[in-house]
Every structure is written in structure tokens, then in C-alpha cells.
Amino acid sequence: MKYYVLFGPPGAGKGTQAGSMVERYNLCHLSTGELLRSEIAAGTPLGLQAKSLIEGGNLVPDEVVEGMIESKFQNTKGVNGFLLDGFPRTIAQARALDEMLSKKGEEVTACISLMIPDSLIRERIANRAKIEGRADDARDEVVLNRIDTYHAKTEPLIDYYIEKGKYREIDGVGSIEDVRSRIFAAID
Ligand code: ADP
């Protein structure tokens, strides 16, 4: 099985690119952000716990997302692998992922990192706010907190995957098609 980590700051285009990646490589797309938003929409206890954290631009606890991912690993059949979008987002989550996979004799195949500058993050999120109406995209201070959280807690994963020889950085600036071709070239 292939296990691709799709990495990048908020607004880098992970969700946009995920669709064509899962189709081309027959992967199951696991977006922790989407999974959490559907828990919120369904009003589950987990959703209630996550809502205020997400809407403040903070991460939800590691155990919460780790549990969601592990149950998807157990219940998904008929794919060549998984595309992890928005997970891991902390070093603790990356270690938990390695442990989950090593129990099955598997490992992360590669970390595909979509890189864009902070200035573009804000521009893209401002555009998305108009289209998708996500609560965490609407307020400037929340977006800034998400960017800070990314730099403090998520960016250290770059070195984590470099040290394992699994890090592939893709320039995320350009048209959707251009970025898609760069990703396909890296994976192929
Ligand atoms: P974006 O990549 O634009 O930040 P996501 O949909 O990936 O959007 O995530 C939205 C929010 O969901 C995050 O800001 C965070 O609060 C929460 N979240 C998503 N994935 C994780 C994770 N792996 N760990 C903790 N919180 C997460």
C-alpha cells in the first residue's frame, strides 16, 4: 500500500489537488479537516469538541485526529493506498502515524509538500472564504492564528520527513494544472 502525506500550509491547494491524485493513483482521500467538518455538521460530541478549536484557528487534540485516521485505515478496502491531507500536523501525530503503519508492516511512502509564501496563503483563503463560507476562513485574526500555528507546530514536520528521506517539495504557485503536473511528475 502507498501512504502519501499531502503537506502544506493552509490554503496551499491540498484539497484542490487531492481529487486528481486519488483518481490517478486509486487512493482513498483522508482529509482530517473535512472529516472534522462533517462531525461538526452532524453535531456529534466529537464535532462539538472540535468546533470552537477550529473556529479559533487552533488544532484539535492529537488523539482525536489519530483515532479518526486509524479507523479509516481499518475500514477502507479496494484502494492502492491513502492520501493523507492535513494529517499529520504535529510531530506527535507523525510519530503516531509511523507507529500505526509499522504495526501493519507499512510505512509512509512520501511526503508531498505544496509550498506557497505566507502572502499567498492569505490571498487564497480570502478568496475561498467568499466561495465556501468556512467559518475559519472568514476572520483575519483566525487566519493569522492558523498561519502561526502552521509555522510553530506543523512546519517542523519538514525536517522530520527530510531526515527520513521522504520529503518532496512542490512549488504550489501557478495554475491548478501546472501544480498538478509537478505533483504527478514527483510521484511518478
Ligand atoms: P486548512 O489546510 O486550510 O487549514 P483543513 O480543512 O485541513 O484546512 O483544516 C481545518 C482545521 O481543522 C484546522 O485549522 C484545524 O483546526 C483542524 N485540523 C485539521 N487537521 C488537523 C490535524 N491533523 N490535527 C489537528 N487539527 C486539525
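Here, the structure is the one placed above.
So, how was this worked out
Residues numbered from 1 in each chain as written. Predicted model: local features only at pLDDT ≥ 70, side-chain atom pairs only at ≥ 80, totals over all residues. Heavy atoms only, no water. Near = heavy atom within 4 Å. Polar contact = N/O pair within 3.5 Å; in protein donor to acceptor, adjacent residues only side chain to side chain. Areas by Shrake-Rupley, 256 points an atom, 1.4 Å probe, with all protein chains shown as cover. Helix = DSSP H or I, 4+ residues; strand = E, 2+ residues; numbered from the N terminus. Nonpolar A, V, L, I, M, F, W, Y, C, P; charged D, E, K, R; others polar. Buried < 20%, exposed > 50% of the residue type's maximum accessible area, 1.4 Å probe, protein only. Arc of directions from axis to C-beta. Contact = heavy atoms within 4.5 Å. Core = buried A, V, L, I, M, F, W, Y, C linked by side-chain atoms within 4.5 Å. Expected span 1.5 Å × (residues − 1).

Near the ligand, the surroundings consist of 20 residues, among which Thr32, Arg37, Asn58, Gly86 and Arg89 are the closest. Contact between the ligand and Asn58: an oxygen atom at 2.6 Å from a main-chain N or O atom of the residue. Gln93 places a side-chain nitrogen or oxygen 2.9 Å from a nitrogen atom of the ligand. Across the complex, the protein chains shield 97% of the 540 Å² of accessible surface that the ligand would expose by itself. Counting residues per element, the shell around the ligand draws most heavily on helix H2 (residues 32–42), which supplies four residues. Here the shell around the ligand is built from residues that sort into seven nonpolar, six polar and seven charged.

A word on helix H3 (residues 45–55). Inspection of H3 places Gly47, Ala50 and Ile54 among the buried residues, and these make up the whole buried set. Mapping the buried residues of H3 onto a view down its axis gives an arc of 70°, with all of them on the same face. Exposed positions of H3 whose direction lies more than 90 degrees from the buried face are Pro45, Leu48 and Ser52. Those residues of H3 hidden inside the fold are in contact with H2, helix H7 (135–138) and helix H8 (140–154).

This part covers the nonpolar core. Ranked by internal contacts, the top residues of the largest apolar core, which has 32 residues, are Val5, Phe7, Leu36, Phe73, Leu84, Leu97 and Tyr161. If one sorts the elements of this core by residue count, helix H4 (residues 62–75) sits on top with five residues. Ignoring sequence-local partners within four residues, the contact set of Leu36 consists of Leu46, Ala50, Ile54, Val60, Val64, Val65 and Met68. Formed by 23 residues, the second largest nonpolar core is a distinct cluster that contains Leu27, Leu114, Ile170 and Ile187.

The terminal C-alpha atoms of helix H10 (residues 176–187), which comprises 12 residues, lie 17 Å apart, in line with the 16 Å expected from a rise of 1.5 Å per residue. All of the buried residues along H10 are Val179, Ile183, Phe184 and Ile187. Down the axis of H10, the buried side of the element spans an arc of 135°, and every buried residue falls inside it. In the core, the buried residues of H10 are packed alongside strand S1 (2–7), helix H1 (14–25), strand S4 (110–115) and strand S5 (167–171).

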